[in-house]
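Observations on chain architecture
Here is what each chain is made of, one letter per residue.
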Amino acid sequence: MRYTNKHKQETRQRIIATAGRRLKRNGIDGSGVATLMKDAGLTNGTLYAYFPSKDELVATAVADQMRAQHENIVALAAPGRAGLEQMIRWYFTAEQRDTIEDGCPNAALLDEIARSTHPTRQAYTDGALVLIDGFAARLAPNDPPSARLKALGLLGMMAGTLQLSRALTDRQLADQLLEQGIRNAVALLDAEQHN
């Protein structure tokens, strides 16, 4: 039975979406082809009808996760400082910390992306640049390129703080760290306004 192009595209997107969630939950190395395809409700061999390799699926899923983070958070935030604070306060929540598979791909995958293939690292880099450009446009609306490095530092601080909060077994300390993350990020914004 031959499938329509629409069915093929829907199946491909389902593979990408379920892979993105699984990769964030179990990591790139902890997610085998069998598990990734089972999540999509498909057999192992079906992967190769859509992607030449697991590495290609990983790169595509990382790009998709970064695109979704931009579309669902950064692009919807208010302009200027208010938008940055909105994103910061959303990011440093217990829900964001505790639902890894629905959360930030930066905090979930950075350590593995650094050791991944060039296409995966490039997909991440391209997505991160879109995110930081959204931050920079809010940091310096009249000259976003001038704030790009500060925006990258903000993204790094946010992802690192969330990673550390996830790693702590002391829930109270982990919650306090999220609150401190908000204060640190806002302090960075305040410092930027004074420069």
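Below: a short report on this structure.

About the thresholds
Counting from 1, residues in each chain are numbered in the order their sequence is written. Whole-chain, interface and lining totals are the exception, using all residues; otherwise, since this is a predicted model, local features are given only for residues with pLDDT of at least 70 and side-chain atom pairs are given and counted only at 80 or more. Calculation of side-chain values draws on the structure's entire complement of heavy atoms; hydrogens and water are dropped beforehand. What counts as a helix is a DSSP run of H or I of at least four residues, what counts as a strand is a run of E of at least two, and both are numbered from the N terminus. Note that the radius of gyration is over C-alpha atoms, with the globule rule given as 2.2 Å times the number of residues to the power 0.38. Note that accessible areas follow from Shrake-Rupley with a 1.4 Å probe, and for residues the cover is restricted to the protein chains shown. What is meant by a nonpolar core is a set of buried Ala, Val, Leu, Ile, Met, Phe, Trp, Tyr and Cys residues, joined one to another through side-chain atoms within 4.5 Å. Under the scheme applied here, a residue whose accessible area is under 20% of the maximum for its type counts as buried, over 50% as exposed, and between as partly exposed, the area being computed with a 1.4 Å probe on protein chains only. The contact criterion used is simple: two residues touch if any of their non-hydrogen atoms lie within 4.5 Å. Interaxial angles span 0 to 180 degrees and are taken between N-to-C directions of axes, which are lines fitted to C-alpha atoms, for helices over the stretch in contact. Should an angle fall under 35 degrees it is called roughly parallel, over 145 degrees roughly antiparallel, and 65 to 115 degrees roughly perpendicular, with every other angle called oblique. Three categories are distinguished: nonpolar for Ala, Val, Leu, Ile, Met, Phe, Trp, Tyr, Cys and Pro, charged for Asp, Glu, Lys and Arg, and polar for the others, with Gly belonging to the last. Multiplying 1.5 Å by the residue count of a helix minus one yields the expected span of that helix. Within this analysis, the arc is defined by the directions that extend from the helix axis to the C-beta atoms. Should the near helix be turned anticlockwise from the far one by less than a right angle, the crossing is termed left-handed; should it be turned clockwise, right-handed. Whether two aromatic rings pair depends on their centres lying within 6.5 Å, for rings of Phe, Tyr and Trp, where Trp uses its six-membered ring; planes under 30 degrees apart make the pair stacked, over 60 edge-to-face, and the rest tilted. Any N or O atom pair separated by 3.5 Å or less is treated as a polar contact, with the protein-specific requirement of one donor-capable and one acceptor-capable atom, and with residues adjacent in sequence counted only for side-chain atom pairs.

Across its full length, the protein chain holds ten helices and zero strands. Reading the helices (α) and strands (β) of the protein chain from amino to carboxyl end gives α-α-α-α-α-α-α-α-α-α. For 195 residues, the compact-globule formula gives about 16 Å, and the C-alpha radius of gyration of the protein chain, at 18 Å, lands near that figure. Overall size of the protein chain, expressed as C-alpha extent along the three principal axes, is 65 × 40 × 25 Å. Summed over all atoms, the accessible surface of the protein chain reaches about 10300 Å², with 54% contributed by carbon and sulfur.

We now examine the nonpolar core. Nonpolar side chains tend toward joint burial in soluble globular proteins. By size, the foremost hydrophobic cluster in this structure holds 49 residues, and its most contacted members are Leu-57, Ile-88, Tyr-91, Phe-92, Phe-135 and Leu-154. Counting only elements with at least two residues in this core, the list comes to helix H1 (5-26), helix H2 (33-39), helix H4 (54-74), helix H5 (80-91), helix H7 (105-113), helix H8 (118-139), helix H9 (148-167) and helix H10 (171-194). When neighbours within four sequence positions are excluded, Phe-92 is seen to be in contact with Met-157, Met-158, Thr-161, Leu-162, Leu-178, Gly-181, Ile-182 and Ala-185.

Our focus in this paragraph is the packing of H1 against H4. Taken N-terminus to C-terminus, the directions of H1 and H4 make an angle of 85°; their axes are 9 Å apart at the nearest point. In terms of orientation, H1 lies roughly perpendicular with respect to H4. Taking contact as the criterion, the partners of Arg-12, Gln-13, Ile-15, Ile-16, Ala-17, Ala-19, Gly-20, Arg-21, Leu-23 and Lys-24 in H1 are, on H4, Leu-57, Val-58, Thr-60, Ala-61, Asp-64 and Gln-65. By residue class, the composition of the contact of H1 with H4 is eight nonpolar, four polar and four charged.

Between its terminal C-alpha atoms H5 stretches 17 Å, which fits the 16 Å expected from twelve residues at 1.5 Å a residue. Taken residue by residue, H5 has Gly-80, Gly-83, Leu-84, Met-87, Ile-88 and Tyr-91 as its buried positions. Mapping the buried residues of H5 onto a view down its axis gives an arc of 135°, with all of them on the same face.

This next bit is on the packing of H7 against H8. Running from N to C, H7 and H8 cross one another at 140°; their axes reach a closest spacing of 11 Å. Relative to H8, the element H7 lies oblique. Handedness of the H7/H8 crossing: left-handed. Residues Asn-106, Leu-110 and Ile-113 of H7 pack against Thr-120, Arg-121, Tyr-124 and Leu-131 of H8. In terms of residue class, the contact of H7 with H8 is made up of four nonpolar, two polar and one charged.

Quick look at the side chain of Ser-165 now. Within the element layout of this structure, Ser-165 appears in helix H9. Setting aside anything within four residues of it in sequence, one finds Ser-165 in contact with Arg-97, Ala-174, Leu-177 and Leu-178.

Another point: the packing of aromatic side chains. Under the criterion given, the structure shown has two aromatic pairs. Aromatic pair Tyr-91 and Phe-92: ring centres 5.5 Å apart, planes at 85°, arrangement edge-to-face. A residue is classified by how much of its surface remains accessible, and Phe-92, at 3% relative accessible area, is buried. Taken together through their ring pairs, the aromatic side chains of Trp-90, Tyr-91 and Phe-92 make up a single cluster.

Mapped onto the secondary structure, Lys-24 falls in helix H1. Polar contacts involving the side chain of Lys-24 include one to the main-chain carbonyl oxygen of Glu-101, which spans 3.1 Å. Within the structure, Lys-24 has its side chain in polar contact with the backbone oxygen of Gly-103 (distance 2.6 Å). Among all residues touching Lys-24, those that are not within four sequence positions of it are Gln-65, Ile-100, Glu-101, Asp-102, Gly-103, Cys-104, Pro-105, Ala-108 and Leu-109.

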